Amino acid sequence: MRTRHDCRLCGSRELPKVLSLGSTPLANEFVSADQVGKPQDRFPLEVHLCTACGHVQLLDIVDPERLFGNYVYVSSTSPVFVEHFRRYAHAMLHLTGMPKGSQVIEIGSNDGTLLRFFQEGGMRVLGIDPARTIAAATTQQGIETIPEFFDLKLAQHLRAEGWEASVISANNVFAHADDLHTIVDGVAHLLHPEGLFVFEVSYLLDVVEKTLFDTIYHEHVSYHTVKPLIGLFRRHGMELIDVIRVDTHGGSLRGIAKRRGGRFAKQPSVDQFIALEEASGLEDPQTFQRFFARIQDLKMRLMELLHRLKTEGKNIVGFGAPAKATTLMFHFGIGPDLLEYIIDDSPWKQGLYTPGHHLPVVPSTALDDPTHRPDYALILAWNFAEAIIAKHKAFRDKGGQFIVPLPQVEIR
Ligand SMILES: [Zn+2]
């Protein structure tokens, strides 16, 4: 780990700490059976605000190879994301009106869920993603994916090979990268002069307003707002021309940028977002003090409930092992004393053990185990609570109950 002392976007060194969530293991560092019981590294989880440009960020940086080289999350396991990306691709095809055969490149393309829709629309697609196993599997399935981190050097290499994309996309990448300058430089280099760069990032305003504090973990080094991003693009000869809110990850922004002088016009949305962010106090440290107070209130309510159920002799398990569960479990103090195991239907995670606590990850058939049926399942993937509850009706019919921890503690 290393600690930076300047703002990731503007370079200012005025970076007061506005939130501290203690220390946690890496959110996606699941371990195999032979590692169980061995201590795992923990890293401080502290959020800083740049008083010069307003960018909210972590300054403690974990080696990206350690974070992303063995990444196990795949988008196509979630029907919600597949549908999101289908609409996303169609919106961009409609907006650009690009002819068949145009080039589309995605940075952080994961298993090619988005690119597949562009490919079906007749476009020539290329994925870039450092998760080697997923990249190899995706290439095998017909979407060429380069297993590397995207930077200016890779952009220059691709440009020399004849790539000049009509659309470059990067989703949930801007939150992950410590060096955003080389990414935007690379995009500007690889984008057709009339092309568009489209990206999605989790939106800090949603994180704060809906108390989505569990999206804060070491992979996410930035918590974006519109205003600081305008300056980032400007520095690299680009212009942010449109922003909309989308509901991915509890609330995200989709931004569209172009190379300076491109044919698309700047929309009023950009200035509207700046006004909204100012009115919401996102550059005021007191906003984060109130945010922390709400987190502590939720913690108290949930922990009271879990301890009471445990005292009554109930069996409780966790449902869902997303990265965010690590922040939630460590900040609240939910460990093996409260949960027996964690259910997750991703085959990439089953058979592994959760970061730090080493709870086994098992398939959802465990809910139906007649010899040891849990009384309560705490939904750690709470953003999918409705879908999970609907799918596991049988568990409730037999007397089981779900606990939803956020945005409010509820028993369902
Ligand atoms: Zn700054």
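A brief look at the structure comes next. (Residues numbered from 1 in each chain as written. Predicted model: local features only at pLDDT ≥ 70, side-chain atom pairs only at ≥ 80, totals over all residues. Heavy atoms only, no water.)

## A word on the coordination of the zinc ion
As a reminder of what qualifies: Each metal site lists N, O and S donors within 2.8 Å (3.2 Å for Na, K and Ca). With water left out of the atoms, a site can look as if it is missing ligands. A site with four donors is called tetrahedral when every donor-metal-donor angle falls between 85 and 135 degrees; four donors are called square planar, and six octahedral, when opposite donors sit more than 155 degrees apart and all other angles fall between 65 and 115; any other arrangement is irregular. Buried means the residue's accessible area, taken with a 1.4 Å probe over protein chains only, is under 20% of the maximum for its type, while exposed means over 50%, and partly exposed covers the values in between.
Within the first shell, the zinc ion binds the protein through Cys7 (SG), Cys10 (SG), Cys50 (SG) and Cys53 (SG), at distances of 2.3 Å. Metal-centred angles of 103 to 113 degrees between the 4 donor atoms at the zinc ion mark the site as tetrahedral. By relative accessible area, which is 2% here, Cys7 ends up buried. A residue is classified by how much of its surface remains accessible, and Cys10, at 26% relative accessible area, is partly exposed.

## What about the packing of helix α2 (residues 79–96) against helix α3 (residues 113–120)?
To describe two helices that pack against each other, one gives the angle between their axes and the distance between the axes. For clarity, the threshold we go by: Angular values range over 0 to 180 degrees, each being the angle between N-to-C directions of two axes fitted as lines to C-alpha atoms, with helices fitted over their stretch in contact. In DSSP terms, a helix is any run of H or I states spanning at least four residues, a strand is any run of E spanning at least two, and both are numbered starting from the N terminus. Angle categories are assigned with fixed cut-offs, so that under 35 degrees is roughly parallel, over 145 is roughly antiparallel, 65 to 115 is roughly perpendicular, and the rest are oblique. Note on convention: the crossing is left-handed when the near helix lies turned anticlockwise from the far helix by less than a right angle, right-handed when the turn is clockwise. We call two residues in contact whenever any of their non-hydrogen atoms come within 4.5 Å of each other. The residue classification treats Ala, Val, Leu, Ile, Met, Phe, Trp, Tyr, Cys and Pro as nonpolar and Asp, Glu, Lys and Arg as charged. All others, Gly included, are polar.
α3 packs onto α2 with a crossing angle of 45 degrees between their chain directions and a minimal axis gap of 8 Å. Comparing their axes, α3 and α2 come out oblique. You can see that α2 and α3 cross each other, and the crossing is right-handed. Counted together, Val82, Phe85, Arg86, Tyr88, Ala89, Met92 and Leu93 of α2 and Thr113, Leu114, Phe117 and Phe118 of α3 form the full contact between these two elements. Here the residues of the contact of α2 with α3 sort into 9 nonpolar, 1 polar and 1 charged.

## Structural notes on the environment of Leu328
Summarising the element assignment, Leu328 is placed in helix α11 (residues 323–332). The exposure class of Leu328 is buried, given its relative accessible area of 0%. Residues Leu328 and Arg8, spaced 320 residues apart in sequence, show a C-alpha to C-alpha distance of 26 Å. In this structure, Leu328 is in contact with Phe213, Asp214, Gly333, Ile334, Leu380, Pro405 and Leu406, ignoring residues within four places of it in sequence.

## What about helix α8 (residues 226–235)?
All of the buried residues in α8 are Val226, Pro228, Leu229, Ile230, Leu232 and Phe233. Two residues or fewer after α8 comes Gly237, characterised by a positive phi angle close to 70 degrees.

## Observations concerning the sheet that holds strand β17 (residues 376–379)
Just so we agree on the cut-off: A pair of strands is considered paired only if DSSP assigns at least 2 bridges between the two.
An order of β16-β15-β14-β17-β18-β19 is seen for the 6 strands of this open sheet, with the pairing classed as mixed. In the strand order of this sheet, the two ends are held by β16 (361–362) and β19 (410–411), each with one partner. With 4 bridges connecting them, strand β14 (residues 316–319) and β17 associate as parallel partners. Bridge pairing links Val317 to Ala377 in β17. Taken strand by strand, helix α10 (residues 285–311) contacts β14, β17, β18 (401–404) and β19, and its axis lies near 155 degrees from that of β18.

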